[in-house]
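Here's the letter readout for the chains.
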Amino acid sequence: DAGVIQSPRHEVTEMGQEVTLRCKPISGHDYLFWYRQTMMRGLELLIYFNNNVPIDDSGMPEDRFSAKMPNASFSTLKIQPSEPRDSAVYFCASSPQAFTGELFFGEGSRLTVL
Amino acid sequence: GDSVTQMEGPVTLSEEAFLTINCTYTATGYPSLFWYVQYPGEGLQLLLKATKADDKGSNKGFEATYRKETTSFHLEKGSVQVSDSAVYFCALRSRSPGLVFGAGTILRVKS
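Quantities reported herein were computed from a predicted structural model and do not represent experimental measurements. (Residues numbered from 1 in each chain as written. Chains lettered and ligands numbered in written order. Predicted model: local features only at pLDDT ≥ 70, side-chain atom pairs only at ≥ 80, totals over all residues. Heavy atoms only, no water.)

Enquirer: Mind showing me how you'd approach unusual backbone geometry here?
Expert: Phi is mostly negative for residues that are not glycine, and the peptide bonds are mostly trans. Of note, the amide linkage connecting A:Ser7 to A:Pro8 takes the cis form, showing an omega dihedral of -10°. Residue position: A:Pro8 is located in the loop between β1 (5–7) and β2 (10–13). Look at the link from B:Gly9 to B:Pro10: it is a cis peptide, with omega at 0°. Within the chain, B:Asp54 stands out as a residue other than glycine whose phi angle is a positive 75°. (Helix = DSSP H or I, 4+ residues; strand = E, 2+ residues; numbered from the N terminus.)

Enquirer: Teacher, can you tell me more about the pairing of strand β8 (residues 62–65) of chain B here?
Expert: A regular strand places its side chains on the two faces of the sheet in alternate fashion. All names here are of chain B. Here four bridges tie strand β7 (residues 56–59) to β8, and the two strands are oriented antiparallel to one another. Directly across from Asn59, in β8, lies its bridge partner Phe62. The hairpin formed by β7 and β8 contains two residues between the paired strands, and Lys60 there has a positive phi angle of roughly 55°. Across three bridges, β8 lies against strand β9 (residues 75–77) in antiparallel orientation. The partner of Phe62 across the bridge, within β9, is Lys77. (Pairing = 2+ DSSP bridges.)

Enquirer: Quick question: what am I supposed to make of the interface of chain A and chain B here?
Expert: Contacts between the two partners involve 17 residues from chain A and, on the opposite side, 16 residues from chain B. Buried area between chain A and chain B, both sides added, is near 1400 Å², and the carbon and sulfur share of it is 58%. Here chain A and chain B share zero salt bridges between them. Applying the counting rule to chain A against chain B returns four residue pairs in polar contact (both at pLDDT 80 or more). Elements with a contribution of two residues or more to the side of chain A that touches chain B: β4 (29–38) and β5 (42–50) of chain A. For the side of chain A that touches chain B, the class distribution of residues is 10 nonpolar, four polar and three charged. (Contact = heavy atoms within 4.5 Å. Buried area = accessible area lost by both parts, 1.4 Å probe. Salt bridge = Lys/Arg side-chain N within 4 Å of Asp/Glu carboxyl O. Polar contact = N/O pair within 3.5 Å; in protein donor to acceptor, adjacent residues only side chain to side chain. Nonpolar A, V, L, I, M, F, W, Y, C, P; charged D, E, K, R; others polar.)

Enquirer: It is not clear to me how the sheet that holds strand β7 (residues 65–71) of chain A should be interpreted in this structure. Could you clarify?
Expert: Residues and elements named next belong to chain A. Spatially, β1-β3-β8-β7 is the arrangement adopted by the four strands of the open sheet, whose pairing is antiparallel. Looking at the sheet topology across the chains shown, the edges are occupied by β1 and β7. The mean angle between the axes of side-by-side strands here comes to 15°, regardless of whether they run parallel or antiparallel. Where β1 lies against strand β3 (residues 19–24), three bridges are found, and the strand directions are antiparallel. Residue pairing in the sheet places Ser7 in a bridge with Arg22 of β3. (Axes fitted to C-alpha atoms, helices over the stretch in contact; angles between N-to-C directions.)

If you want it as structure tokens, here you go:
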């Protein structure tokens, strides 16, 4: 079975540019999470969705960040405009409706903003 | 708020040595506790979990016991292998489906 699929795996961009990260969750999973990983702050939960609806976006750092889930098989995390401090690895994770606590993570998107 | 504190790394061990990675937590109520592992260039994978006090989670030779009285969930393995080299994260789930993670502990095992 396919796991959580993220793209791109690596993105290098210049400050001020728009960045879009994409995620395809595991089919049948109703929860989707976006995390950011940095050396300084570790793993931070940015936002999560249940049945495509954003439930808690309190972790989104600024208005420059936005996330959408237009359908059950696709989500995006957008940064506009990007800044060097946004450089991090962004992980998407999904979980089934009967939430047991296990999150299934994608391989991450490594973002470098110059 | 909820938080998880892990021992700082890196932890460097020789093959077949005993491993302990300490983890303590602060949370309201009765959280579920987890250990995740991250291999280089990969996402996190669930290693083991425990959902109530005195539960022991175990997988691949790793164990951790949910100790409510000491708010701890220490990870142990009796004999580590080079292939266990990775980053280990302790995490909890309390009032939200999202997990709260510790800072992670790098484990390096030498042959």
